[in-house]
Amino acid sequence: MNAFQLLKEDHQKVSGIFQQLEPTTERAEKTRTELFDKLREELEIHTKIEESIFYPSIKQAAETREIVLEGFEEHHVVKMLLKELESIPVDTEQWTAKLKVLQENVEHHVEEEENEMFQKARQVLSEDEIERLGARMEEMKQELKTDKMEDRLKKSAKSLG
Ligand SMILES: [Fe+2]
Ligand SMILES: [Fe+2]
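Now for a quick tour of the structure.

Points about the coordination of the iron ion (ligand 2)
Piece 1. Coordination sphere of the iron ion (ligand 2), protein contribution only: H11 (NE2), H46 (NE2), E50 (OE) and E113 (OE), at 2.0 to 2.2 Å.
Piece 2. What the four donor atoms of the iron ion (ligand 2) show is an angle range of 84 to 178 degrees at the metal, which sorts the shape as irregular.
Piece 3. All donors of the iron ion (ligand 2) belong to a single chain; written as a sequence motif, their spacing is H-x34-H-x3-E-x62-E.
Piece 4. The metal-metal distance between the iron ion (ligand 2) and the iron ion (ligand 1) comes to 3.1 Å, with E50 coordinating both. Placement of the pair is H46 and E50 together in helix α2 (residues 29-59), with a separation of four residues, close to one helical turn. Assigned by exposure class, H46 and E50 land together as buried.

Examining the coordination of the iron ion (ligand 1)
Piece 1. E50 (OE), H75 (NE2), H109 (NE2) and E113 (OE) make up the full set of protein donors to the iron ion (ligand 1), lying at 2.1 Å.
Piece 2. Every donor counted, the four donor atoms about the iron ion (ligand 1) form angles of 84 to 166 degrees at the centre, which fits irregular coordination.
Piece 3. Read from N- to C-terminus, the donor residues coordinating the iron ion (ligand 1) fall into the pattern E-x24-H-x33-H-x3-E.

Rules used in this analysis
- Residues numbered from 1 in each chain as written.
- Chains lettered and ligands numbered in written order.
- Predicted model: local features only at pLDDT ≥ 70, side-chain atom pairs only at ≥ 80, totals over all residues.
- Heavy atoms only, no water.
- Donors = N, O, S within 2.8 Å, 3.2 Å for Na, K, Ca; no water.
- Tetrahedral: all angles 85-135°; square planar, octahedral: opposite > 155°, others 65-115°.
- Helix = DSSP H or I, 4+ residues; strand = E, 2+ residues; numbered from the N terminus.
- Buried < 20%, exposed > 50% of the residue type's maximum accessible area, 1.4 Å probe, protein only.

Laid out in C-alpha cells, this is it:
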C-alpha cells in the first residue's frame, strides 16, 4: 500500500468510529468507553506514524513546509483534546460536547491533509518514495499496535492479581 492509500484508510477507520460514537448517549457508558479507547488508539498510532515518517519526508520542501507545520499543530490540539476527554467521565454532557469538538477538529485536519497536503506532497515525492513511505509506516503501525496489545495484556494481568 502506498503512503496515501495507507493514511486515507486510517482516516476512514477513524471516521467510522466517530460515526459509531455519534448516536451514543450519556447512558451508554460501556459502549462509549470501548469505542473511545479504540478511537484514541487509532488516533495515537496514526499521528505517530505521520509525525515520525510522512511529515519529515516532506517538511523540507518549500511547497509543503507550511502545511506540514500546520499539521503538527493540529495534531497537538487533537492530543490535548484526547487527554482532556480521558480525564472527564464519559457519562457527562461535557464529555459529549468535547467529543464533538474533537470530531470537528479531526474532520477539518483530515480534509486539509487529503485535499491539500497530499496533493502538494505528490509534487515533491517520487512514486518510489510514496511506495517506500507506505511500507515503512505500515511496519511502524504494526509495531505500535503490538506494543499497545502488550500493554493491555499487562494491565489485565495486573488487575487479575
Ligand atoms: Fe494528521
Ligand atoms: Fe492523517
